[in-house]
Amino acid sequence: MLSAAYSAGLYGIEGFPVVVECNQKNSLEGFELVGLPDLAVREAKERVRTACYNSGYPFPFSRITVNLAPADRKKEGSAFDAAILTAIFHSSGVIRRDVSLQGRCIVGELSLSGDLRGVRGILCMCVAAKENGFTEFYAPVENAVEAAAVEGIRVYAVPNMRALVMHLNGEAPLEPVRNEKTFLEGNNAYTEDFIDVRGQTMAKRAMEIAAAGGHNILLIGPPGTGKSMLAKRLPSILPPLTFSEAIETTKIHSVAGTLPAGTSLLSVRPFRAPHHTMSPVSLVGGGVNPLPGEVSLADNGVLFLDELPEFPKQVTDALRQPLEDRRVTITRANGRVTFPCSFMLVGAMNPCRCGYFGHPTHPCTCKAGDVKRYISRISGPMLDRMDIQIELPSLRYEEISSRDEHAEPSAVIRERVTRAREFARRRMEGSGRAVYCNAQLDAAGIHAFCTPDAEASALLAAAYDRMGLSARGYDRILRVARTIADLDGSEQIRAPHVAEAIQLRSLDRKYWG
Ligand SMILES: Nc1ncnc2c1ncn2[C@@H]1O[C@H](COP(=O)(O)OP(=O)(O)OP(=O)(O)O)[C@@H](O)[C@H]1O
Ligand SMILES: [Mg+2]
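This report concerns the structure included in the present document. Please read these numbers as outputs of a predicted model, since none were measured by experiment. (Residues numbered from 1 in each chain as written. Chains lettered and ligands numbered in written order. Predicted model: local features only at pLDDT ≥ 70, side-chain atom pairs only at ≥ 80, totals over all residues.)

## Brief notes about the overall build of the protein chain
Right, so step 1: When its secondary structure is counted, the protein chain shows 21 helices and 18 strands.
Right, so step 2: Residues classed as buried in the protein chain amount to 45% of the 513 residues present.
Right, so step 3: Considering only residue pairs separated by 6 or more positions, the protein chain has 74% of its internal contacts joining residues 24 or more positions apart. (Helix = DSSP H or I, 4+ residues; strand = E, 2+ residues; numbered from the N terminus. Buried ≥ 20, exposed ≤ 12 C-beta atoms within 10 Å, placed from the backbone. Contact = placed C-beta atoms within 7 Å.)

Printed below as a string of structure tokens:
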């Protein structure tokens, strides 16, 4: 008897439908599986056969051929197990022959006992199933909530093969998993708030500007001044995560297997802070079965590199291309995989190895040459990508000891940031450019949108000579000035905007000059 069940495969962050055909012939016993890589076939056959026995069904005594189509797409992993056994059950009559498997997508690995085990990328597969016209999606209990984020398809949480058989036969129907709307409820609720950061008015303002323009930012200062604190709170002042951003970022985390248990959709912007001992591959992604790296896990959120000078050069160099392209393409023999990686970069560092160079009271124990050497570990190209650099001085006693009356909660700052982005978006929309924030403006964009008025121009000209700016530094100041004007609701870039932008760049000269 011939039967077909349906499943889904995963390629990068995209799912695709897979047909599992099964044919049984009443001749000598045998089990053949085609359409998977050799090793995967051997393992899948063992799991399927044993899971069948342990679910309380005899494995058919006949010649079984299972084919996974399409043959030309590489299918990896163990997510097809449940669909393979379903097809076998259907062709042997354990699942009634008059039950239709059409429109039902079944995904899950089988344990030897017949339980369905969670797999990576369920959300991507469920999205693909819905797009391909499936109306029901069967997922392991562990992952079902993740799949339930997709609307317009019924999702069932399947504990084991026996439950699946009884459901399909209509003997003990499963209840569909309710779409909990977790996204809307928990949306953009951050646990860490700007209001907790005392003092550091300049740095907070710099973070707001960075958020408004999508500018990368470098924080420099002695230990314990709030650099890590501020970086961690940046996602909370970025514009609210939209539904489509949430889907994209959740897909990446679904593939990487980094979604917290029971999460259907990420509802907050990611904050990733990888350690400096990580490899370039774990930063940008890769591997035989390509997995997203930290830059993609930070998609639509923040990548924080703490102790920036400690990162090896090959790691920071690997950052340059993803920063520019906002996606990473990994090439493998069987094709290419692309992971999005649109993130804001925050770097933090002490001004020297001991941390106290330039401190008003705490003496610095580094030798003069050592300070220079430490600082220069931030390469020119890296420094170039930091539109904003800001110093966090140590707090005065009054600042730490008393409550800051004027400290604003993140929600208030986020409102201003969102308004500024909207202001910028409207301006760029008319131009037909694929630019989402000011940080992405190229030379032509700067020419088109960042024209300072006469007074601002004069100020820039003076600064250009006095600060010994490069052409690139000049562009950067204009981009940041554009953002400051946007926060101000001003179409024109005026002198105060330029003046503030120049200040946000002056550390360049102090430390690297
Ligand atoms: N501006 C601040 N407002 C409130 N608390 C602060 C501030 N700065 C530092 N702290 C306190 O000090 C702790 C350490 O701060 P944080 O980790 O941000 O320092 P850092 O600048 O990153 O230091 P390091 O250079 O050692 O990494 C915080 O957990 C907080 O309790
Ligand atoms: Mg820190």
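Now that the structure is up, let's keep going.
## Looking at helix α20 (residues 495-503)
Right, so step 1: Every buried residue belonging to α20 is among His497, Val498, Glu500, Ala501 and Ile502, and all of these are buried.
Right, so step 2: Contacts from the buried residues of α20 go to α18 (454-467) and α19 (471-487).

## Remarks on the sheet that holds strand β11 (residues 271-272)
Right, so step 1: If you walk across this open sheet you meet the 5 strands as β11-β14-β17-β10-β18, and the pairing is parallel. The open sheet has two edge strands, β11 and β18 (388-391), and neither has a second partner.
Right, so step 2: Two strands pair when backbone bridges link them, and strand β10 (residues 217-220) and strand β17 (residues 344-349) are joined in this way by 4 bridges, in the parallel orientation. Note on β17: the bridge partner recorded for Ile217 is Val346.
Right, so step 3: Taken strand by strand, helix α7 (residues 201-213) contacts β10, β17 and β18, and its axis lies near 165° from that of β18. (Pairing = 2+ DSSP bridges. Axes fitted to C-alpha atoms, helices over the stretch in contact; angles between N-to-C directions.)

## Regarding the packing of α19 against α20
Right, so step 1: α20 packs onto α19 with a crossing angle of 125° between their chain directions and a minimal axis gap of 8 Å. On the basis of their axis angle, the class for α19 and α20 is oblique. Crossing geometry of α19 relative to α20 is assigned as right-handed. Contacts between α19 and α20 pair Ile477, Val480, Ala481, Ile484 and Ala485 from the former with His497, Val498, Glu500, Ala501 and Ile502 from the latter.
Right, so step 2: Its residues placed into classes, the contact of α19 with α20 shows 8 nonpolar, 1 polar and 1 charged. (Parallel < 35°, antiparallel > 145°, perpendicular 65-115°, else oblique. Left-handed = near helix turned anticlockwise from the far one by under 90°. Nonpolar A, V, L, I, M, F, W, Y, C, P; charged D, E, K, R; others polar.)

## Here we look at the nonpolar core
Nonpolar side chains tend to gather and get buried jointly when the protein is soluble and globular.
Right, so step 1: Counting residues in hydrophobic clusters, the biggest one holds 140 residues, and the most contacted among them are Val20, Val107, Cys126 and Leu219.
Right, so step 2: Sort the elements by how many residues they give to this core and helix α3 (residues 122-131) lands first, with 8 residues.
Right, so step 3: Both of domain 1 (2-168) and domain 2 (194-440) provide at least three residues apiece to this core.
Right, so step 4: Those residues within four positions of Leu219 in sequence are excluded, and the remaining contacts are Ala203, Lys227, Leu230, Ala231, Val346, Gly347, Ala348, Ile390 and Leu392. (Core = buried A, V, L, I, M, F, W, Y, C linked by C-beta atoms within 7 Å. Domains from an automatic or database assignment.)

## A look at helix α5 (residues 161-168)
Right, so step 1: Buried within α5 we find Met161, Ala163, Leu164, Val165 and Leu168.
Right, so step 2: Phi turns positive one or two residues past the end of α5, at Gly170, with a value near 80°.

## Description of the site of ligand 1
Right, so step 1: Lining the immediate surroundings of ligand 1 are 15 residues, of which Pro223, Gly226, Lys227, Ser228 and Met229 lie closest.
Right, so step 2: If you tally residues by element for the shell around ligand 1, the top one is helix α8 (residues 227-233), at 3 residues.
Right, so step 3: For the shell around ligand 1, a count of residues per class yields 5 nonpolar, 8 polar and 2 charged. (Near = placed C-beta within 6 Å.)

## Quick look at unusual backbone geometry
Right, so step 1: Here the amide bond leading from Ala69 into Pro70 is cis, since omega sits at 0°, within 30 degrees of zero.
Right, so step 2: Position of Pro70 among the secondary structure elements: in the loop between β4 (63-69) and α2 (81-92).
Right, so step 3: Within the chain, Asn300 stands out as a residue other than glycine whose phi angle is a positive 65°.
Right, so step 4: Tracing the backbone shows Asn300 in the loop between α11 (294-297) and β14 (302-305).
Right, so step 5: Asn300 gets classed as buried once you count the C-beta atoms within 10 Å, which come to 22.
Right, so step 6: A positive phi angle, close to 55°, is found at Glu307, a residue other than glycine.
Right, so step 7: Position of Glu307 relative to the elements: it lies in the loop between β14 and α12 (313-325).
Right, so step 8: We classify Glu307 as partly exposed; it has 14 C-beta atoms within 10 Å.

## Some details on the pairing of β4
Right, so step 1: Of the two faces of β4, the one lined by Ile64, Val66 and Leu68 is fully buried and the one lined by Arg63, Thr65, Asn67 and Ala69 carries no buried residue.
Right, so step 2: Summarising the sheet, strand β2 (residues 14-25) and β4 pair through 7 bridges and their orientation is antiparallel. The residue bridging Glu21 from the neighbouring strand is Asn67, located in β4.

## Some details on the pairing of β17
In summary, the side chains of a regular strand alternate between the two faces of the sheet.
Right, so step 1: The buried count for β17 comes to 6 of 6 residues, which makes it a mostly enclosed element.
Right, so step 2: Alternating residues of β17 divide into Met344, Val346 and Ala348 and Leu345, Gly347 and Met349, and every residue in both groups is buried.
Right, so step 3: Judged from the 4 bridges that link them, β14 and β17 form a sheet pairing that is parallel. Looking at β17, one finds that Leu303 is bridged to Leu345.

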